[in-house]
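If you want the building blocks of each chain, they are given just below.
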Amino acid sequence: MERSAIIIFQKNAQLGKVKTRLAKDLGDHKALEIYDRLCEFTHRVCSQVAVDKFLYYSNFVPEDKPRYGSYHFKVQTGIGLGDRMSNAFLDLFSAGYQKVLIIGTDCAEINPELFLEAFETLNHRDVVIGPAEDGGYYLLGMSQYFPQLFHDVNWSTSEVIIQTKSNIKSIGISYSELAVRSDIDTLENWQKMKSLIDEFEGK
């Protein structure tokens, strides 16, 4: 039986340490509140996808963990984001998974159908990418472990997806892209996407 999984990368929710660009406009407390809402939204969406979920915290596994069924909790390892993501993929492929997706907690435009489309894409492509409007990506998926995808990438810049595609092409593997989505990092992003979160929460 084929084994598929979603990796969720999440910062520990600490005041002044999350959504720092939002905090410049809204303050640390409001930024933390928004971050908590985005995390809750992400987990509720992921809980509707019938695969294993691995929540990788940035620093430690807190006592107050989400309770959404088939969740496993781990701590990210490595120096820098690329190293941490690469190690998480290696963990799961080494454990016998055949299709693995990774996401963060910044996108209010994800839904269960998007994940199903990504897994389906991996039936005929080596890699699937969900491009973000800011030049990064909100989702990356692989049908096997390709550590080269994380080499020589300037993380948290507008060059991320260009450099990732360059790595894909340099090793000669196939890929497809999902629809472009927005990450919520700035006040403008939040004002644009807040209604999606409100609607999901029934507000």
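Now for a quick tour of the structure. (Residues numbered from 1 in each chain as written. Predicted model: local features only at pLDDT ≥ 70, side-chain atom pairs only at ≥ 80, totals over all residues. Heavy atoms only, no water.)

1. Some thoughts on the packing of aromatic side chains
Inference 1: Tallied over the entire structure, the rule returns 9 aromatic pairs.
Inference 2: Aromatic pair Phe89 and Phe150: ring centres 5.9 Å apart, planes at 35°, arrangement tilted. Of this pair, Phe89 sits in helix α3 (residues 81–94) while Phe150 sits in the loop between β6 (137–142) and α5 (160–170), placing them 61 residues apart in sequence. For the residue pair Phe89 and Phe150, the accessibility class agrees, reading buried in each case.
Inference 3: Ring pairs connect the aromatic residues Phe89, Phe93, Tyr137, Phe150 and Trp155, which therefore count as one cluster.
Inference 4: The ring centre of Tyr97 lies 4.1 Å from the NZ or CZ of Arg3, which sits over that ring. (Phe/Tyr/Trp six-rings, centres within 6.5 Å; stacked < 30°, edge-to-face > 60°. Helix = DSSP H or I, 4+ residues; strand = E, 2+ residues; numbered from the N terminus. Buried < 20%, exposed > 50% of the residue type's maximum accessible area, 1.4 Å probe, protein only. Lys NZ or Arg CZ within 6 Å of the ring centre and 35° of its normal.)

2. Quick word on the sheet that holds strand β1 (residues 4–10)
Inference 1: Taken in spatial order, the 7 strands make up an open sheet running β3-β2-β1-β4-β6-β5-β7, and their pairing is mixed. Two strands in the sheet have a free side with no partner beyond their single neighbour: β3 (71–75) and β7 (175–177). Across the sheet, the mean angle from the axis of one strand to that of its neighbour is 20°, orientation sign disregarded.
Inference 2: Pairing analysis gives 5 bridges linking β1 to strand β4 (residues 99–103), with the strands arranged parallel. (Pairing = 2+ DSSP bridges. Axes fitted to C-alpha atoms, helices over the stretch in contact; angles between N-to-C directions.)

3. What about the side chain of Lys99?
Inference 1: Looking at the secondary structure, you find Lys99 in strand β4.
Inference 2: Within the local environment of Lys99, its side chain forms a polar contact with the side chain of Glu2, the two groups lying 3.2 Å apart.
Inference 3: Looking at Lys99, its side chain comes within polar contact range of the main-chain oxygen of Phe119, at 3.2 Å.
Inference 4: Setting aside chain neighbours within four positions, we find Lys99 in contact with Glu2, Arg3, Ser4, Ala5, Phe93, Phe119, Leu122, Asn123 and Met142. (Polar contact = N/O pair within 3.5 Å; in protein donor to acceptor, adjacent residues only side chain to side chain. Contact = heavy atoms within 4.5 Å.)

4. A word on the nonpolar core
Inference 1: In terms of nonpolar packing, the biggest core is built from 33 residues, with Ile6, Leu101, Ile110, Phe115 and Leu139 touching the most fellow members.
Inference 2: Elements with a minimum of two residues in this core: β1, α1 (20–26), α2 (28–46), β2 (52–57), β4, α4 (112–121), β6 and α6 (187–201).
Inference 3: Of all the elements, α2 adds the most residues to this core, at 6 residues.
Inference 4: Leaving out residues up to four positions away in the same chain, Leu101 has contacts with Ala5, Ile6, Ile7, Phe89, Phe115, Ala118, Phe119, Leu122, Val128, Leu139, Leu140 and Gly141.
Inference 5: Counting 26 residues, the second-largest nonpolar core is a separate cluster that includes Ile7, Phe146, Ile161 and Ile173. (Core = buried A, V, L, I, M, F, W, Y, C linked by side-chain atoms within 4.5 Å.)

5. Considering the environment of Ser143
Inference 1: Among the secondary structure elements, Ser143 is positioned in the loop between β6 and α5.
Inference 2: A relative accessible area of 23% means that Ser143 is categorised as partly exposed.
Inference 3: Spatially, the C-alpha atom of Ser143 lies 9.2 Å from that of His124, the residues being 19 residues apart in sequence.

6. Some remarks on the pairing of β6
Inference 1: With 6 of 6 residues buried, β6 lies mostly within the body of the structure.
Inference 2: With 4 bridges connecting them, β4 and β6 associate as antiparallel partners. Looking at β6, one finds that Leu101 is bridged to Gly141.
Inference 3: Pairing geometry for strand β5 (residues 127–131) and β6, over 5 bridges, is antiparallel. Paired with Val127 across the two strands is Met142, which belongs to β6.
Inference 4: In sequence, β5 turns back onto β6 through a hairpin of 5 residues, with Gly135 there showing a positive phi of about 100°.

7. Focus on the side chain of Asp198
Inference 1: Here Asp198 is to be found in helix α6.
Inference 2: Under the relative-accessibility criterion, Asp198 is labelled buried at 15%.
Inference 3: A distance of 2.6 Å separates the side chain of Asp198 from the side chain of Arg37, its partner in a polar contact.

8. Quick look at the pattern of salt bridges
Inference 1: In the structure shown here, the tally under the stated rule is 8 salt bridges.
Inference 2: Between Lys19 and Asp185 there is a salt bridge; the shortest N-O distance is 3.3 Å. Of the two residues, Lys19 is situated in the loop between β1 and α1 and Asp185 in the loop between β7 and α6; the sequence distance between them amounts to 166 residues. Of the two residues, Lys19 and Asp185, neither departs from the other in class, the shared state being buried.
Inference 3: Notably, a salt bridge pairs Lys165 with Glu177, separated by 2.7 Å at the nearest N-O pair. Of this pair, Lys165 sits in helix α5 while Glu177 sits in strand β7, and the two are 12 residues apart along the sequence.
Inference 4: The partly exposed category is assigned to Glu177, whose relative accessible area is 36%.
Inference 5: Bridged by salt links that share partners, the residues Lys19, Asp106 and Asp185 form one connected network. (Salt bridge = Lys/Arg side-chain N within 4 Å of Asp/Glu carboxyl O.)

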